[in-house]
Amino acid sequence: MYAMDPEHPDREAIEKAGQILRRGGLVAFPTETVYGLGGDALNPESSRKIYAAKGRPSDNPLIVHIARTEDLYKLCDDIPEEVFRLGERFWPGPLTMIMKKSKAVPYETTGGLDTVAVRMPSHPVALALIRSAGGFVAAPSANASGRPSPTRASHVYEDLAGRIECILDGGEVGIGVESTIVDLSVTPPMILRPGYITREDLEEVLGSVGEDATMMKGNGAGAPKAPGMRYRHYAPRGHMVIVEGEAAAVADYINRRVKECREEGRKTGVLCTRESAGTYGADVIKPAGHAGDEEETARHLYGILRDFDEEAVEEIFSESFSSEGFGQAVMNRLLKAAGHTVIRV
Ligand code: TXA
Ligand code: MG
């Protein structure tokens, strides 16, 4: 584990980590969204190692991280012009774009698909590492499969210690949920995963954009287009429900359920806002942020889900948050954590 100032990557540590990647090893590193588990994207053996370390099914494709727009030419022979327009506006940053893959990209990296997902992160440590590794780093989120994505190096350590060679510690990440994914291999372009770059942001550049119907409705709406969205994800170990309605009715319902759980000897947790935290009587109360502050809520969400696990909370009740703008990404992750169980009161 190498700790460093996120704004000023430690040159020696980056060089060592780059060497590990170049010879086929794995390195976890911070990005502005969540920590990634990196391997050389053009080396099939590295991608196999990533799946093994995470315990992730190998048909779930990886995102290739680059540090320069011109490196796209290696990954795709026929780059849609929208990729350049979106790249100019949102790269480096939390946007992943899907396009047809070239021969240089091994099927091990794309989970057997003919398309490749590409992102240029903005985190200085991530950019320095990608350059040092030779330009192409395949990286899923650096959690064990089925656990919430890591927003701190300690989360990576919890999940992957002993399975990877190196963790670069750049402190807590800034955004806290994974990048927006937009598929440009289809017409019109389609959002497969919501993130910090919102639908409105994309529409300013692209005009109208489609959206995978399963994002907010779950698998009841069909099979998700991003293979990874199919798996049970972001899930705490406890049973979790989202309670939606007027604030007072939500608090009444949750407090009544908390009392019932307590009588049955089950430990309870509540995920709420800073403003409402005082209205609950659960065993573990976790305010994610100020009411209406999606950025703060996103930044703390996964850490809180991990805290519930740590404290062995068995029944988790969450307030519902706004789905507008960036709120859509927050609610998408929360809905997944709750297996789309929403109670309206
Ligand atoms: O913010 C992020 O994107 C983070 C950081 C580390 O960059 N990475 C990340 O990777 O979230 P991962 O592997 O946890 O999620 C990648 C998602 C999966 O749902 C996967 O199925 C989807 O992207 N995906 C990757 N390539 C795809 C492709 N060619 N077609 C459709 N979906 C794809
Ligand atoms: Mg992931």
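Shown above is the structure to which this text applies.
Residues numbered from 1 in each chain as written. Chains lettered and ligands numbered in written order. Predicted model: local features only at pLDDT ≥ 70, side-chain atom pairs only at ≥ 80, totals over all residues. Heavy atoms only, no water.

Here we look at the overall build of the protein
Move 1: When helices and strands are tallied, the protein shows twelve helices and 16 strands.
Move 2: Relative to the 2.2 N^0.38 estimate, which gives 20 Å for 345 residues, the radius of gyration of the protein is 20 Å and therefore close to what a compact globule would have.
Move 3: In the protein, 67% of the contacts between residues at least 6 apart in sequence involve partners at least 24 apart. (Helix = DSSP H or I, 4+ residues; strand = E, 2+ residues; numbered from the N terminus. Rg over C-alpha atoms; globule rule 2.2 N^0.38 Å. Contact = heavy atoms within 4.5 Å.)

Some points on the site of ligand 1
Move 1: Contacts to ligand 1 come from 28 residues, most closely from Thr 33, Asn 60, His 65, Ser 179 and Gly 228.
Move 2: Between ligand 1 and the protein, one listed contact pairs an oxygen atom with a side-chain N or O atom of Arg 56 at 2.9 Å.
Move 3: A distance of 2.9 Å separates an oxygen atom of ligand 1 from a polar atom in the side chain of Ser 141.
Move 4: Contact with the protein chains covers 98% of the free accessible surface of ligand 1, which is 680 Å².
Move 5: Here ligand 1 occupies the largest pocket. (Near = heavy atom within 4 Å. Polar contact = N/O pair within 3.5 Å; in protein donor to acceptor, adjacent residues only side chain to side chain. Areas by Shrake-Rupley, 256 points an atom, 1.4 Å probe, with all protein chains shown as cover. 1 Å grid on protein atoms, 1.4 Å probe; cavity = no way out; pocket = protein on both sides within 12 Å on 5 of 7 lines; lining within 4 Å. Sits in = over half its atoms within 2 Å of the grid points.)

Concerning empty space enclosed by the protein
Move 1: Tallying each qualifying case throughout the model produces one cavity of 30 Å³ or more.
Move 2: Estimated volume of the largest cavity: approximately 40 Å³.
Move 3: Partitioning the lining of the largest cavity into residue classes produces four nonpolar, five polar and one charged. (Points joined across faces, edges and corners; volume = space filled by probe spheres on them. Nonpolar A, V, L, I, M, F, W, Y, C, P; charged D, E, K, R; others polar.)

Here we look at the layout of surface pockets
Move 1: In this model, the largest pocket occupies a volume close to 630 Å³.
Move 2: Within the residue set of the lining of the largest pocket, elements represented by two or more residues are β4 (63–65), β6 (115–119), β9 (180–183) and β10 (190–193).
Move 3: Considering each element in turn, the lining of the largest pocket owes the most residues, four residues, to β6.
Move 4: The residue inventory of the lining of the largest pocket, partitioned by class, reads 19 nonpolar, twelve polar and seven charged.
Move 5: Size it by volume and the second largest pocket reaches roughly 330 Å³.
Move 6: What lines the second largest pocket is a set of 22 residues, and nearest its centre among them are Thr 273, Ala 291, Glu 319, Ser 320 and Phe 321.

Points about the packing of aromatic side chains
Move 1: In the structure shown here, the tally under the stated rule is two aromatic pairs.
Move 2: Where Tyr 73 meets Phe 84, the ring centres are 6.1 Å apart and the plane angle is 35°; that geometry is what we call tilted. Here Tyr 73, found in helix α3 (residues 72–75), pairs with Phe 84, found in helix α4 (residues 81–90); they are eleven residues apart in sequence, far enough to count as distant.
Move 3: Measuring from ring centre to ring centre gives 4.9 Å for Tyr 196 and Phe 326, while their planes differ by 75°; the resulting arrangement is edge-to-face. Separated by 130 residues along the polypeptide, Tyr 196 in the loop between β10 and α8 (199–206) and Phe 326 in the loop between β15 (315–319) and α12 (327–337) bring together distant segments of the chain.
Move 4: Cation over ring: Lys 101 sits above Tyr 107, and NZ or CZ is 4.2 Å from the ring centre. (Phe/Tyr/Trp six-rings, centres within 6.5 Å; stacked < 30°, edge-to-face > 60°. Lys NZ or Arg CZ within 6 Å of the ring centre and 35° of its normal.)

With respect to the sheet that holds β9
Move 1: With respect to topology, eleven strands assemble into an open sheet ordered β1-β8-β2-β3-β7-β4-β6-β5-β9-β10-β11, the strand pairing being mixed. Since the sheet does not close on itself, it has two edges, and those belong to β1 (2–3) and β11 (210–211), each with one partner.
Move 2: As judged from the three bridges shared by strand β2 (residues 27–29) and strand β3 (residues 36–40), these two strands associate in the antiparallel manner. Bridge assignment links Val 27 to a residue of β3, and that residue is Gly 38.
Move 3: Taken strand by strand, helix α6 (residues 124–133) contacts β2, β4, β7 (137–138) and β8 (166–169), and its axis lies near 150° from that of β2.
Move 4: Strands in contact with helix α7 (residues 153–160) are β2, β3 and β8; relative to β8, the strand with the most contacts, it is inclined by about 165°. (Pairing = 2+ DSSP bridges. Axes fitted to C-alpha atoms, helices over the stretch in contact; angles between N-to-C directions.)

A short note on the state of the cysteines
Move 1: Overall, the coordinates contain zero disulfides when judged by the stated rule.
Move 2: In this structure Cys 261 is a free cysteine whose sulfur lies 16 Å from that of Cys 272, the closest cysteine sulfur available. (Disulfide = S-S within 2.5 Å.)

What to know about helix α1 (residues 11–22)
Move 1: Counted at 1.5 Å a residue, the expected span for α1 with its twelve residues is 16 Å, and the 16 Å between its end C-alpha atoms agrees.
Move 2: By the burial criterion, the buried members of α1 are Ala 13, Ile 14, Ala 17, Gly 18, Ile 20 and Leu 21. Down the axis of α1, the sector holding all buried residues measures 155°, keeping them to one side. The outward face of α1, more than 90 degrees from its buried face, is lined by the exposed residues Arg 11 and Glu 12.
Move 3: Residues of α1 that are buried make contact with β1, β2, β3, α6, β7 and β8. (Expected span 1.5 Å × (residues − 1). Buried < 20%, exposed > 50% of the residue type's maximum accessible area, 1.4 Å probe, protein only. Arc of directions from axis to C-beta.)

A closer look at unusual backbone geometry
Move 1: With an omega of -10°, the peptide bond between Trp 91 and Pro 92 qualifies as cis.
Move 2: Mapped onto the secondary structure, Pro 92 falls in the loop between α4 and β5 (95–100).
Move 3: At the junction of Thr 187 and Pro 188, the peptide bond is cis and its omega measures out at -10° in the coordinates.
Move 4: Relative to the helices and strands, Pro 188 resides in the loop between β9 and β10.
Move 5: The phi torsion at Ala 312 lies on the positive side, around 55°, for a residue other than glycine.
Move 6: Here Ala 312 is to be found in the loop between α11 (294–310) and β15.

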